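Observations on the three-dimensional arrangement
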Amino acid sequence: MRKHYTGLIERYKDRLPISESTRIISIGEGNTPLIQLENIPKLINKDVEIFVKYEGLNPTGSFKDRGMTMAITKAVEEGGQAVICASTGNTSASAAAYAVRAGITAFVLIPEGKIALGKLAQTLMYGAKIIQIKDNFDAGMRLVKEIVDHAPVTIVNSINPFRIDGQKTAAFEIIDELGDAPDYHCLPVGNAGNITAYWKGYKEYSTDSDNLPAVTEKRPVMCGYQAAGAAPFISGAMIDNPETVATAIRIGHPQSWDYAWAAQKESGGWFDCFTDDKILAAQKMLASHEGIFCEPASAASLAGALKDIASGKIPEGSRIVCTLTGNGLKDPDVAITQCADDQPVAVEATLDSVKRAILDQM
Ligand SMILES: *Cc1c(COP(=O)(O)O)cnc(C)c1O
């Protein structure tokens, strides 16, 4: 058999903190498609190259798997028997899958009633120990940080540095595929681990280290986008009671606050925010014009890129990468609600009725 792709740790082991004897816990994460948009640039009539990094095609349907393969690998290496995270949904699904793969226990704290249906279904199926709390993600995060002093569990939220190391490989993949860094990198920001990780990856690939030469000199401008109801990076201070339909970024107290500001400043980038309506419009635009279905939070990256292209802040001639952090199938409720006006027709099961239904809609 030709050597098959096992996962991102195998591929980037020279740049990750593992050794030859490390048992790698992988479900084939990473190596996600970088898809160039064809129809939307024509629609907006701008000479730009927009690529989307479709992280929804990771094993559990979000980029969290990149970090989780590393976090669980290291937890197991250090003899851990149980991991814990607070989650808006995707971290819990990912932790649950990688923990069961490793043969250890995952405890997940989720906000009761506030996680998307697909994420809950996954976490249940993988068999995690779910603890629903009558509060939001930020409260869960606070509890998780306290509980490690009272129970033998390893935190696998993105405050775990191995999460960031795994997630930085997305930047490596983009440079390896495009041959260089893009001009702009747009992504949604919640807890701010991912913007931290991408910036770390872009910096490492553009810096000589002891045993590895730089791959490129170029680094992108980092653009972080939030939901208007959960936008601490726009208000400049943490907020309580964040609210947005994009539950994956319904976070008011981002844990990687300082790192995200450093990424923005060092790259010459910016933060901006969008109403739920704008985010959902971008989600639908991507699905209905390009055939790419991402979850609401992910669409903040495209909403941001389109606004900044329209205003000229991102000039024509630019090459832009938008990270689509999660799969649209994660949140079927929001998708179906969004399409309430496009109810499918129902007809008799006869040739004549079906023919009429087709000709009526051509
Ligand atoms: C976790 C997540 C985010 C936010 O990433 P952070 O690292 O918390 O900023 C955005 N979109 C989706 C789909 C996510 O699961």
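Residues numbered from 1 in each chain as written. Predicted model: local features only at pLDDT ≥ 70, side-chain atom pairs only at ≥ 80, totals over all residues. Heavy atoms only, no water.

Details of the overall build of the protein chain
The test is simple: A run of H or I in DSSP becomes a helix once it reaches four residues, and a run of E becomes a strand once it reaches two; helices and strands are each numbered from the N terminus. Both definitions apply: the radius of gyration is a C-alpha atom measure, and the globule rule equals 2.2 Å times residues to the power 0.38. Buried means the residue's accessible area, taken with a 1.4 Å probe over protein chains only, is under 20% of the maximum for its type, while exposed means over 50%, and partly exposed covers the values in between. Note on definitions: a residue-residue contact is assigned when non-hydrogen atoms from the two residues lie within 4.5 Å. Residue burial considers only the protein chains on display, and all accessible areas are found by Shrake-Rupley using a 1.4 Å probe. Lys and Arg are tallied as positive, Asp and Glu as negative. Neither His nor the chain termini are counted. Note that the charge is assigned to NZ on lysines, CZ on arginines, CG on aspartates and CD on glutamates.
Within the protein chain, the regular secondary structure consists of 15 helices and ten strands. Over its C-alpha atoms the protein chain spans a radius of gyration of 21 Å, differing by no more than 12% from the 21 Å that the globule rule assigns to 362 residues. When each of the 362 residues of the protein chain is scored for burial, the buried share is 56%. Of the contacts made within the protein chain by residues no fewer than 6 positions apart, 70% connect residues no fewer than 24 positions apart. For the protein chain, the exposed surface amounts to about 16000 Å²; the carbon and sulfur share of it is 53%. A gap of 2 Å separates the mean positions of the 35 positive and 44 negative side-chain charges of the protein chain.

Overview of the packing of aromatic side chains
In plain terms, the rule: Any Phe, Tyr or Trp ring, taking Trp's six-membered ring, that has another such ring centre within 6.5 Å forms a pair; planes under 30 degrees apart are called stacked, those over 60 apart edge-to-face, and the others tilted. By the criterion adopted, a ring carries a charge over it if an Arg CZ or a Lys NZ lies within 6 Å of its centre and within 35 degrees of its normal.
Enumeration over the complete set of coordinates arrives at ten aromatic pairs. Ring geometry for Tyr184 versus Trp270: centroids 6.1 Å apart, planes at 50°, classification tilted. On the criterion of sequence distance, the pair formed by Tyr184 in strand 7 (residues 184-188) and Trp270 in strand 9 (residues 270-274) is long-range, its members being 86 residues apart. You'll find Tyr184 and Trp270 in the same group, each marked buried. Here a set of aromatic residues connected by ring pairs shows up, and it is made of Phe233, Trp257, Trp261 and Phe271. It is Lys313 that lies over the ring of Trp270; its NZ or CZ is 4.4 Å from the centre.

Some words on the pattern of salt bridges
Selection criterion: Between Lys or Arg on one side and Asp or Glu on the other, a salt bridge is scored when a side-chain nitrogen of the former is within 4 Å of a carboxyl oxygen of the latter.
Using the criterion set out here, one finds 20 salt bridges in the structure. Between Glu243 and Lys114 there is a salt bridge; the shortest N-O distance is 3.9 Å. Linking Glu243 in the loop between helix 10 (232-235) and helix 11 (257-267) with Lys114 in the loop between strand 4 (105-111) and helix 5 (117-126), this pair joins segments that are 129 residues apart in sequence. For Lys114, a relative accessible area of 35% gives the class partly exposed. One salt bridge in this structure joins Asp165 and Lys200, with 2.8 Å as the shortest N-O distance. Residue Asp165 is found in helix 7 (residues 161-167), and its partner Lys200 is found in helix 9 (residues 193-205); the two are separated by 35 residues along the sequence. For Asp165, a relative accessible area of 10% corresponds to the buried category. On the basis of relative accessibility, which here comes to 31%, the residue Lys200 falls in the partly exposed class. Among the charged side chains, a network of salt bridges with common partners joins Lys53, Glu55, Arg66 and Glu173.

Section: the domain arrangement of the protein chain
Heads up, the condition is: Domain start and stop points were drawn from an automatic or database domain assignment. Here the buried area means the combined drop in accessible surface, using a 1.4 Å probe, for two parts upon being joined, counting both sides.
Split into domains, the protein chain comes out as domain 1 (8-61 + 163-338) and domain 2 (64-159). One C-alpha centre belongs to domain 1, the other to domain 2; they are set 22 Å apart. Contacts between the two partners involve 47 residues from domain 1, matched on the other side by 38 residues from domain 2. When domain 1 packs against domain 2, close to 3500 Å² is buried across both sides, 52% of that on carbon and sulfur atoms. When the buried area of domain 1 at its contact with domain 2 is split by residue, Ile25, Thr60 and Arg163 rank highest and sum to 24% of it.

Regarding the packing of helix 9 against helix 11
Spelled out, the test is: Lines fitted to C-alpha atoms define the axes here, with helix axes fitted over just the stretch in contact, and angles between the N-to-C directions of these axes take values from 0 to 180 degrees. In this scheme, roughly parallel covers angles under 35 degrees and roughly antiparallel covers those over 145, while 65 to 115 is roughly perpendicular and the rest are oblique. It is the rotation of the near helix from the far one that decides the hand of a crossing: anticlockwise by less than a right angle makes it left-handed, clockwise makes it right-handed. By the convention adopted, Pro, Cys, Tyr, Trp, Phe, Met, Ile, Leu, Val and Ala count as nonpolar, Lys, Arg, Asp and Glu as charged, and the other residues, Gly among them, as polar.
Closest axis-to-axis distance for the helix 9/helix 11 pair is 8 Å, and the angle between their directions is 45°. Our classification of the angle between helix 9 and helix 11 gives oblique. For helix 9 against helix 11, the interelement crossing comes out left-handed. Residues Ile195, Thr196, Trp199 and Lys203 of helix 9 pack against Tyr259, Ala260, Ala262, Ala263, Glu266 and Ser267 of helix 11. Of the residues contributing to the contact of helix 9 with helix 11, the split by class is six nonpolar, two polar and two charged.

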